[in-house]
Structures are given as C-alpha cells and as structure tokens.
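Coordinate analysis (summary)
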Amino acid sequence: QSPSTILITYHSESGKTLAMAEAVAKGVKEVQGVEYILKPIAEVLEEELLNASAIILGSPVYNANMTAQMQEFINSLPFEGRPLKNKLGAVFVTGGGFSIGEEAVMFGMIRAMMIHGMIIVGGDELEAAFGASAITGEGDFAEIEVQDIFLKKAEGLGRRVGELVLKTNN
Ligand SMILES: Cc1cc2nc3c(=O)[nH]c(=O)nc-3n(C[C@H](O)[C@H](O)[C@H](O)COP(=O)(O)O)c2cc1C
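For the structure given in this document, a descriptive report is provided here. These numbers come from a predicted model, not from an experiment. (Residues numbered from 1 in each chain as written. Predicted model: local features only at pLDDT ≥ 70, side-chain atom pairs only at ≥ 80, totals over all residues. Heavy atoms only, no water.)

Around the ligand sit 17 residues in total, of which Ser12, Ser14, Thr17, Val61 and Thr94 are the nearest. In this structure, an oxygen atom belonging to the ligand sits 2.6 Å away from a side-chain N or O atom of Ser12. In the environment of the ligand, an oxygen atom lies 2.6 Å from a nitrogen or oxygen atom belonging to the side chain of Thr17. Out of a free accessible area of 650 Å², the ligand has 74% covered by protein chains. Listing elements by their share of the shell around the ligand, those giving two or more residues are helix 1 (16–29) and strand 4 (88–95). Of the residues in the shell around the ligand, the class split is 5 nonpolar, 10 polar and 2 charged. (Near = heavy atom within 4 Å. Polar contact = N/O pair within 3.5 Å; in protein donor to acceptor, adjacent residues only side chain to side chain. Areas by Shrake-Rupley, 256 points an atom, 1.4 Å probe, with all protein chains shown as cover. Helix = DSSP H or I, 4+ residues; strand = E, 2+ residues; numbered from the N terminus. Nonpolar A, V, L, I, M, F, W, Y, C, P; charged D, E, K, R; others polar.)

Turning our eyes to something else, we now look at the pairing of strand 4. Extensive coverage of strand 4 is indicated by the burial of 8 of its 8 residues. Sheet topology places strand 3 (residues 54–60) next to strand 4; 7 bridges connect them, and they run parallel. Each bridged residue has a counterpart across the sheet, and for Ala54 the counterpart in strand 4 is Leu88. With helix 3 (residues 68–75) bridging strand 3 and the parallel strand 4, this β-α-β connection has right-handed handedness. Sheet topology note: the strand 4/strand 5 (residues 119–120) ladder contains 2 bridges and is parallel. Residue pairing for strand 5: Leu88 is matched across the bridge by Ile119. Note that strand 4 and strand 6 (residues 132–135) share 4 bridges and pair parallel. Bridged to Thr94 within strand 6 is Ala134. (Buried < 20%, exposed > 50% of the residue type's maximum accessible area, 1.4 Å probe, protein only. Pairing = 2+ DSSP bridges. Right-handed = clockwise from strand over helix to strand, strands pointing away.)

This paragraph deals with the packing of aromatic side chains. Throughout the structure, instances matching the rule amount to 3 aromatic pairs. An angle of 65 degrees between the planes, with centres 5.6 Å apart, marks the rings of Phe98 and Phe141 as edge-to-face. Highlighted residues: Phe98 in the loop between strand 4 and helix 4 (102–115) and Phe141 in the loop between strand 6 and helix 5 (148–167), separated in sequence by 43 residues. Look at Phe98 and you get partly exposed, because its relative accessible area is 41%. (Phe/Tyr/Trp six-rings, centres within 6.5 Å; stacked < 30°, edge-to-face > 60°.)

We now examine helix 3. Note: α-helices contain 3.6 residues per turn, so residues at a spacing of three or four share the same orientation. Buried within helix 3 are the following residues: Met70, Phe73 and Ile74. Projected down its long axis, helix 3 carries its buried residues within an arc of 95 degrees, all on one side. When the buried face of helix 3 is taken as reference, the exposed residues oriented beyond 90 degrees from it are Ala68, Glu72 and Asn75. (Arc of directions from axis to C-beta.)

Below, the structure is given as structure tokens:
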C-alpha cells in the first residue's frame, strides 16, 4: 500500500501564505510514513483531492474574508456523494494585522470543510488552536519575511496532521 498523502494547497499573491505553506510541508516531512503534495489551489487536480488523507488549506485575509480564489476553489470541491467525508482538514492564514480577520477566515474555511464532513484538526500549540496564522504587515511583524514564530506554528500544524493521519490510519 502506498503511503498516505497530505495535500497542502494555498492561494498567495505576495508570497506570505506560500511561506506558511512551505513551513506546513516542513512539519509533515518530520513524520515518517506520510507524503505530501504542496501546490497552489489553481493547480490542484480532482484526483489529488480524492486521494488525499488530509487537506490543509491556506489563504490570505482579504477584507476579513478568505480570498475570492480560495472561495471559488472551495465551491468547486467534489461534493456529490461527499467524497471528502472523514478526511482530516486543517487551515492556515496570513493577515496584515492583528484581529482584523484572521480567525474569521480560519473559521470560514473550517466551516466549509465541515460541510464536506471533514474532521478538523487544530495546530500543535495553544497559540495555533484553530490552525496556524501569521501577521505580516503590522508593527514589528511588517517584515519582508514571515517571522519565525509564525512559521513554527505552521510547522507544528503540518507535523500534527501528519501524526494524526498515521494514528487514524486515514
Ligand atoms: C485586497 C486586500 C485586502 C486585505 N484585507 C485584509 C484584512 O481585512 N485584514 C488583514 O489582516 N489583512 C488584509 N490584507 C493583507 C493580506 O492579508 C496580507 O498582506 C497577506 O499576508 C498577503 O498574503 P500573500 O502574501 O500570501 O498574498 C489585505 C490585502 C489585500 C491585497
């Protein structure tokens, strides 16, 4: 039997959410016996969705919502017969500032995954309880690079999803 695969997919215009996606992948890589696919939502194939044991979605915050591209991607997920039911699901986001949409976007994606019957997994740390998030544009966090403290949360999320895929034999 081939190893379980985790699909990590994201929308990113200026690279911050991509940096978080790469950190999620790094976390998955720490777990022996699981593989991952890392790619932008625009390139995801239906077969990759159907074969994945877990799907981890990442979006920037746009006006306190997920981006239109992410919403469209979610709306296009296969639904008939609920083929995504019982797959693990997790989320990560990047937002410019504190408390101007991050959690709303996480829950927006989580709610959609729950409509599909997916089982939602939070991050490894209390500070990533709903998933991993990064602040990319306010105060000391307004750097070109996504700060390490946030990348660590993303890594912990990937590792946890990887471990749970093995534990649940998903
Ligand atoms: C049109 C637009 C709307 C945005 N709205 C918000 C917002 O409501 N709250 C927030 O925290 N950041 C907001 N941002 C900032 C982005 O979420 C932030 O820069 C994010 O890290 C960009 O991710 P990316 O580099 O992966 O594209 C907005 C950015 C754009 C372009």
